Structure formats: structure tokens, C-alpha cells
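Examination of the molecular architecture
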Amino acid sequence: MPKVKTNRVKYPEGWELIEPTLQELESKMREAQMDSHDGKRKCETLWPIFKIAHQKSRYIYDLYYRRNEISKELYEFCLDQGYADRNLIAKWKKPGYERLCCLRCIQPRDHNFGTTCVCRVPKHLREEKVVECVHCGCRGCASGD
């Protein structure tokens, strides 16, 4: 007789400390996905979703790398379960990318002339002082700002 498989996830130790914040961010994500798109440009509809995904990843990154409040096991669990973006966190660990808003801003194939996004340009080098990224709505994620 075959074993019955269950979908129960075993949460690592310390999960109860970060669960309320992650649940709150998940509810904000659902609200952003269900929000009306009337009167917005096509690209503007995704900006709140990118912002919340960035907040979740930054929260877990800060808990593990800066404050050392969660274990490696819990950190890996969060990455495996999709609570944080593994690739974005990998970029944050590299010099020059500490404040990166999203991965689309550094991919040359998504931009004119094969360069990076305008939000990656330091503020003192910009011709226009107020600039918003078309992909995620970021106003500046260059490390020198």
C-alpha cells in the first residue's frame, strides 16, 4: 500500500517571529493585485507589486545579513518558499548594488541603447532631477545617492 503524502510544510524554528510581518506584506500584495487599473498607464499597474516584493526581500535580507536575527535554516526556507527573491538578494551582496530596486533595472536587453535603467544613474549626474523608472517606479537606486 502506498504512503499517503501530505502537503504540510514544517516551519523552522523562529518562523513565528517573522510570520506576522510576512502575512501583512502578503495581504498588501493581494490588495495591490486586486487594485483597479483605471486611469493608470500600463507600466504603472505593476509598480505597487514590485515595491511590495522588494519590501519582502529586503525584510528577510536585513534579518539575516544585517541584524543576524534569523537562522540560516529559516533564511533558506524563506527563499525556497518564495517569500524573498534569491537573485535580488544575491545582487544586494555585491558592491554597487546595495540599493538595487529590481533586477529589470540592470538588464541591458530591457532598455534603449543596451544600457541600464535611468534610476541607476546617481542623482548628481542626472540632467533631470526627478526621474521615475518605467519598469518599477523607482526614483533612484544608485549606490552613490
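I will try to describe carefully the structure that is included in this document.

What counts, and where the lines are drawn
Residues numbered from 1 in each chain as written. Predicted model: local features only at pLDDT ≥ 70, side-chain atom pairs only at ≥ 80, totals over all residues. Heavy atoms only, no water. Helix = DSSP H or I, 4+ residues; strand = E, 2+ residues; numbered from the N terminus. Buried < 20%, exposed > 50% of the residue type's maximum accessible area, 1.4 Å probe, protein only. Areas by Shrake-Rupley, 256 points an atom, 1.4 Å probe, with all protein chains shown as cover. Phe/Tyr/Trp six-rings, centres within 6.5 Å; stacked < 30°, edge-to-face > 60°. Lys NZ or Arg CZ within 6 Å of the ring centre and 35° of its normal. Lys, Arg positive; Asp, Glu negative; His and termini not counted. Salt bridge = Lys/Arg side-chain N within 4 Å of Asp/Glu carboxyl O. Polar contact = N/O pair within 3.5 Å; in protein donor to acceptor, adjacent residues only side chain to side chain. Contact = heavy atoms within 4.5 Å. Axes fitted to C-alpha atoms, helices over the stretch in contact; angles between N-to-C directions. Parallel < 35°, antiparallel > 145°, perpendicular 65-115°, else oblique. Nonpolar A, V, L, I, M, F, W, Y, C, P; charged D, E, K, R; others polar. Expected span 1.5 Å × (residues − 1).

The number of helices and strands found in the protein is four helices and zero strands. Reading the helices (α) and strands (β) of the protein from amino to carboxyl end gives α-α-α-α. Along the first, second and third principal axes, the C-alpha set of the protein runs to 65 × 40 × 30 Å. Residue burial in the protein is summarised as follows: out of 145 residues, 35% are buried. Looking at the protein as shown, the accessible area adds up to about 10,100 Å², and 51% of this sits on carbon and sulfur atoms.

To continue, consider the packing of aromatic side chains. Applying the stated criterion across every chain, the model contains nine aromatic pairs. Where tyrosine 11 meets tryptophan 15, the ring centres are 5.0 Å apart and the plane angle is 15°; that geometry is what we call stacked. Considering the side-chain rings of tyrosine 65 and tyrosine 75, the 5.5 Å spacing of their centres and the 85° angle between planes classify their relative orientation as edge-to-face. Of the two residues, tyrosine 65 is situated in helix 2 (residues 47-66) and tyrosine 75 in helix 3 (residues 72-80); the sequence distance between them amounts to 10 residues. Take tyrosine 65: its relative accessible area is 31%, and that puts it in the partly exposed class. Under the relative-accessibility criterion, tyrosine 75 is labelled buried at 4%. Among the aromatic residues, ring-to-ring pairing joins Tyr61, Tyr64, Tyr65, Tyr75 and Trp92 into one connected group. Between the NZ or CZ atom of arginine 58 and the centre of the ring of tryptophan 92, over which it lies, the distance is 4.0 Å. Here lysine 91 stacks its cationic end above the ring of tyrosine 97, 5.2 Å away from the centre of that ring.

In this section: the side chain of arginine 120. Tracing the sequence through the fold places arginine 120 in the segment after helix 4 (86-92). The charged side chain of arginine 120 is buried without a salt bridge, its nearest counter-charge being glutamate 98 at 7.0 Å. At 2.7 Å, the side chain of arginine 120 and the backbone oxygen of cysteine 141 are in polar contact. When sequence neighbours within four positions are dropped, the list of residues in contact with arginine 120 reads Gly96, Tyr97, Leu100, Cys105, Ile106, Cys141 and Ala142.

In helix packing, the relevant descriptors are the interaxial angle and the interaxial distance, both defined with respect to the helix axes. Following both chains from N to C, one finds helix 1 (residues 15-34) and helix 2 inclined at 170°, their axes separated by 9 Å at the closest point. If you check the angle between helix 1 and helix 2, you find them roughly antiparallel. Between helix 1 and helix 2, the residues in contact are Leu17, Ile18, Thr21, Leu22, Leu25, Glu26, Lys28, Met29, Ala32 and Gln33 and Pro48, Ile49, Ile52, Ala53, Gln55, Lys56, Tyr59, Ile60 and Leu63, respectively. Taken together, the residues of the contact of helix 1 with helix 2 sort by class into 13 nonpolar, three polar and three charged.

On to helix 2, then. For helix 2, built from 20 residues, the straight-helix expectation of 28 Å at 1.5 Å per residue is met to within 8% by its first-to-last C-alpha distance of 26 Å. Among the residues of helix 2, those classed as buried are Trp47, Ile52, Lys56, Ser57, Arg58, Tyr59, Ile60, Tyr61, Asp62, Leu63 and Tyr64. The inward-facing, buried residues of helix 2 contact helix 1, helix 3 and helix 4. The positive-phi residue at the C-terminal boundary of helix 2 is asparagine 68, with phi of around 55°.

Without other data, these values stay purely geometric and don't point to any function.
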